[in-house]
Amino acid sequence: MTMQPAFQFSLGHQVLQGLVAVGKYDGKHPCLTAGTTAGKVLIHCPHSRAENDQQEVIFLNINRKITSICTGMLNPNLGHDVLMVGTQTSLMAYDVEENADLFFKEVHDGVNVLAFGNIRNISVPVCVVGGNCSIQAFDHEGSELYWTVTGDNVSALAFCDVNDDGAAELICGTEDYDMRIYNHEDVLKEITEMDVVIRIEPLHKQRFAYALMHGTVGVYDKMSRAWRVKSKNRVNCIDVFDLDNDGIPELIAGWENGKVEARNEKTGEVLCKDYFQAPIAALVHADYRLDGRCTLMSLTTEGDVRGWLPSSTGADQGVSTGPSAAEMKDNDAFRELIAKKNELTQELNSYQEQVKQFRQGGKDSGQGIIPTDTKLNITLKSNRTQGTVELHLMTSNYSVIRAVVIFAEHLFEGEACMLHPIPPSNNVIVQIAPAKDVQTTMTIRAMAGLSSNSVQYHVFESTYVMPKFAMYHPIEAHQLPKAAEGYCQFCLAKRPNWIWSWLQKSFINLDEQMQQPRGADKGLLLDVNFISLRTGEPLCISMTGEQGGTITIRTDNIEDAGELIQDLCAFLQVTELESTANFPEEMEKFKQVLLRVDEYNAVRLKLTAEMADSANLVKALIVKAEDYRMLSDMTHLKKVFAGLQQTNGDLIAEYNKRANNHQQLLTQLKEVNMMIQKAAKLRVGSAKTRVVTACRNAIKKNNIHELFQIIRTGHDSSGS
């Protein structure tokens, strides 16, 4: 169906993608707000113009590159929304009605994305800032009430009650393809997607929608994916709006090619669509006509706006009229049954054709029919020489595999792999080298025939789970290339066979004999050694009976240790875990990062002072030039302008130096935040939260010694 707009107009200015919001700045009239080029914010106020004879469009000069905007009642005492504008280095809260700043805050981690809402355990509404590997929250006075770290730069933020406990959780999408669901500072769930998460929107109850950079939109129900669809076009924005007026909102997506489409939130089926001549910049909804009906609005990058009302208002102002909801449900069920019937009919015809050929041609024509007891055996092995994991597919008899198709996330580019063995064989090996440690379910389809000349083939369909740490090859202790200097140690009152069960689930090629320690140390209850197929670095996991069960993970990679601990605790359902750690190589690198941060900060202050001096000189030269112009002294006027041109060139050069220095500083600050995240992952529960808070305080005090102690022990010098 086609979406029929209720109204359309043009703002007359280009709009930046994603920088659009609607706010009631006087508490009554919704105003369309958009970021434009040259660091300006456009505010469209049609109702204010009608009542107060004001301009329909007003501009706010930010004079910086705008990265994000949002609106909300940040100060409930005001009784109206305020505008929050994020730039590369600052956050500003602006009261449009009073033409006054609530606060202006320098944000050293940068502002990539903004969200407005309430965080658990914080009594006032806050502006949430997603920056350089960090999330911060500020109240209406600019006070920082919340800070935590993420795995990478933040690219999307939203609030949604995913666990149905009556309070919304904070969902954060990052550039490392992850979505993290935060309950205050605790991470309830980490979800790994296939690309950068660029948009997240709360949908309905515990469901939320998301969009990825490569053109995927989908929906999660609680913490598991309900559906997703992938397009060859790039998705620019998503919104949630009840377009068919059935009480359940639809997922609205805006695309780079100018298409706007509405999808069913349960199935992902396209319900209706519309097209623009320019890329879609944003989708928002509000009662923009003040008639008591919410309106879905789409803005293009050229400033064109269209609005749609829910379908109950008629074909002229919403979605074109069609069958009722009950009729549509019956039609969907009928279509599903027809599709199933066609599928079964095709299978029946294929079997009948095979039987017919077999009866007509005798034994020779049966060469395509494989024995009925044929099975496809699937195993996963590690190849240390190639540095890959090998998926072995083998038929149980002499039948050959003509082709194999594997569908799996995180393993192949395009999420699929197709292999044609030449010549066809009953044993096919697929080389797999995942870049990240993620548990993945592979859907395998293998086409098998009696021989390479077969006309008829049988397709085997099966699923196989690839363990999270499949890229670690088990070896004996004496085969280790070197001893790992780094380690993490913690107490876990669990029996060794429980730890062994986790090892069998998360690794491959483990022999039952490895369960019994072979070293001279009689105190060992478990001792398993691995080597990374990616880097060749050793990994050793051992357990002793001290304090009810002490586990030591030896590796030089603190990130790998954290992933192992989080996976182990999730398997054993452990909610609280303290640990001590020492990673000499990582800490030495971290020390160098901190030194560079101090160095870049010192340079930044120096460059700022020099630029201030140059700016004052420019002001003096302009005044002097004006004096000479009034005196008609052209000789001295030319000299002053020459000096002004030189000073201006120096200012531009200083700015470029400062910009480069700022970029390098951001890179180092990202490393600092990532190290805090890695240190926190060595703990679980309240200990994890405490490490993040303590590290933040140590950095504010510039206490490097205490920061290192927190990473090692999980406690600061006071023992808290």
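See above for the structure.
Everything numeric in this text was worked out from a predicted model, so none of it was measured. (Residues numbered from 1 in each chain as written. Predicted model: local features only at pLDDT ≥ 70, side-chain atom pairs only at ≥ 80, totals over all residues. Heavy atoms only, no water.)

Side note on the overall build of the chain
So, step 1. Counting secondary structure elements, the chain contains eight helices and 41 strands.
So, step 2. For the chain, the spread of C-alpha atoms along the three principal axes comes to 110 × 75 × 55 Å.
So, step 3. Looking at the chain as a whole, 48% of its 720 residues are labelled buried.
So, step 4. Taking as baseline every contact in the chain between residues at least 6 positions apart, the subset at least 24 positions apart corresponds to 55%.
So, step 5. Between the centroid of the 70 positive side chains of the chain and the centroid of its 89 negative side chains there is a distance of 4 Å. (Helix = DSSP H or I, 4+ residues; strand = E, 2+ residues; numbered from the N terminus. Buried < 20%, exposed > 50% of the residue type's maximum accessible area, 1.4 Å probe, protein only. Contact = heavy atoms within 4.5 Å. Lys, Arg positive; Asp, Glu negative; His and termini not counted. Charge placed at Lys NZ, Arg CZ, Asp CG, Glu CD.)

Regarding the pattern of salt bridges
So, step 1. By the definition in use, this model includes 32 salt bridges.
So, step 2. Taking the shortest distance from any N to any O, the salt bridge between R64 and E106 comes out at 4.0 Å. A residue pair is termed long-range when its members are at least 10 positions apart, and R64 in the loop between β5 (57-61) and β6 (66-72) and E106 in strand β9 (residues 100-106) qualify at 42 residues.
So, step 3. A salt bridge links E144 to R696; the shortest N-O distance between them is 2.7 Å. Residue E144 is located in strand β13 (residues 144-149), and its partner R696 is located in helix α7 (residues 686-700); the two are separated by 552 residues in the primary sequence.
So, step 4. For E144, a relative accessible area of 28% translates into the label partly exposed. (Salt bridge = Lys/Arg side-chain N within 4 Å of Asp/Glu carboxyl O.)

Topic: unusual backbone geometry
So, step 1. Residue I422 is joined to P423 through a cis peptide bond whose omega torsion reads -10°.
So, step 2. Summarising the element assignment, P423 is placed in the loop between β32 (416-419) and β33 (427-432).
So, step 3. You will see that N245, though not glycine, has its phi angle at about 60°, which is positive.
So, step 4. The topology assignment puts N245 in the loop between β22 (235-241) and β23 (250-255).
So, step 5. By relative accessible area, which is 42% here, N245 ends up partly exposed.
So, step 6. Located in the positive-phi region is N509, a residue other than glycine, with phi close to 65°.
So, step 7. With respect to the secondary-structure elements, N509 resides in the loop between α3 (496-506) and β38 (524-532).
So, step 8. Its relative accessible area of 34% is what places N509 among the partly exposed residues.

Concerning the environment of D221
So, step 1. With respect to the helices and strands, D221 occurs in strand β20 (residues 216-221).
So, step 2. Judged by its relative accessible area of 29%, D221 is partly exposed.
So, step 3. Between the C-alpha atoms of D221 and A209, which are 12 residues apart in sequence, the distance is 9.0 Å.
So, step 4. Not counting residues up to four positions away in its chain, the partners in contact with D221 are Q206, R207 and A226.

A word on the nonpolar core
So, step 1. Core analysis: the biggest nonpolar cluster contains 57 residues, and L503 and F507 have the highest contact counts within it.
So, step 2. Once residues within four sequence positions are removed from consideration, F507 is found in contact with P467, F469, Y472, W502, F530, L539, I541 and L564. (Core = buried A, V, L, I, M, F, W, Y, C linked by side-chain atoms within 4.5 Å.)

Topic: helix α4 (residues 558-572)
Given 3.6 residues per helical turn, the α-helix brings residues three or four places apart onto the same face.
So, step 1. A rise of 1.5 Å per residue sets the reference length of α4, with its 15 residues, at 21 Å; its end C-alpha atoms lie 21 Å apart and thus fit the reference within 8%.
So, step 2. Counting buried positions over the 15 residues of α4 gives 11, a clear majority of the element.
So, step 3. What α4 keeps buried is the set I558, D560, A561, G562, E563, L564, I565, D567, L568, C569 and L572.
So, step 4. Two residues or fewer past α4, Q573 is found with a positive phi of approximately 60°. (Expected span 1.5 Å × (residues − 1).)

Details of the sheet that holds strand β27 (residues 295-300)
So, step 1. Pairing is antiparallel across the open sheet formed by four strands, whose spatial order is β1-β28-β27-β26. Two strands bound the open sheet, and with one partner strand each, they are β1 (7-10) and β26 (280-286). Looking at each pair of strands side by side, their axes are set apart by 15° on average, direction ignored.
So, step 2. Direction of pairing for β26 relative to β27: antiparallel, over a ladder of six bridges. Each residue of the ladder has a partner; that of H285, found in β27, is L296. (Pairing = 2+ DSSP bridges. Axes fitted to C-alpha atoms, helices over the stretch in contact; angles between N-to-C directions.)

Considering empty space enclosed by the protein
So, step 1. The full count for this structure, using the stated rule, is two cavities of 30 Å³ or more.
So, step 2. Quantified by volume, the largest cavity comes out at close to 70 Å³.
So, step 3. Looking at the lining of the largest cavity, the elements with two or more residues in it are β13, β17 (186-192), α6 (634-680) and α7.
So, step 4. Among the residues making up the lining of the largest cavity, the classes are represented as five nonpolar, three polar and three charged.
So, step 5. Here the second largest cavity defines a volume of roughly 30 Å³.
So, step 6. Across the lining of the second largest cavity, the residue classes break down as four nonpolar, one polar and two charged. (1 Å grid on protein atoms, 1.4 Å probe; cavity = no way out; pocket = protein on both sides within 12 Å on 5 of 7 lines; lining within 4 Å. Points joined across faces, edges and corners; volume = space filled by probe spheres on them. Nonpolar A, V, L, I, M, F, W, Y, C, P; charged D, E, K, R; others polar.)

Describing the sheet that holds strand β18 (residues 197-204)
So, step 1. The antiparallel open sheet is built from four strands, whose spatial order is β18-β19-β20-β21. Each edge of the open sheet is held by one strand with a lone partner, namely β18 and β21 (224-230). Between one strand and the next, the sheet's axes are offset by a mean angle of 20°, whatever the strand orientation.
So, step 2. Bridge analysis of strand β19 (residues 207-212) against β20 gives five bridges, and the strand direction is antiparallel. Within the sheet, the bridge partner assigned to R207 lies in β20 and is D221.

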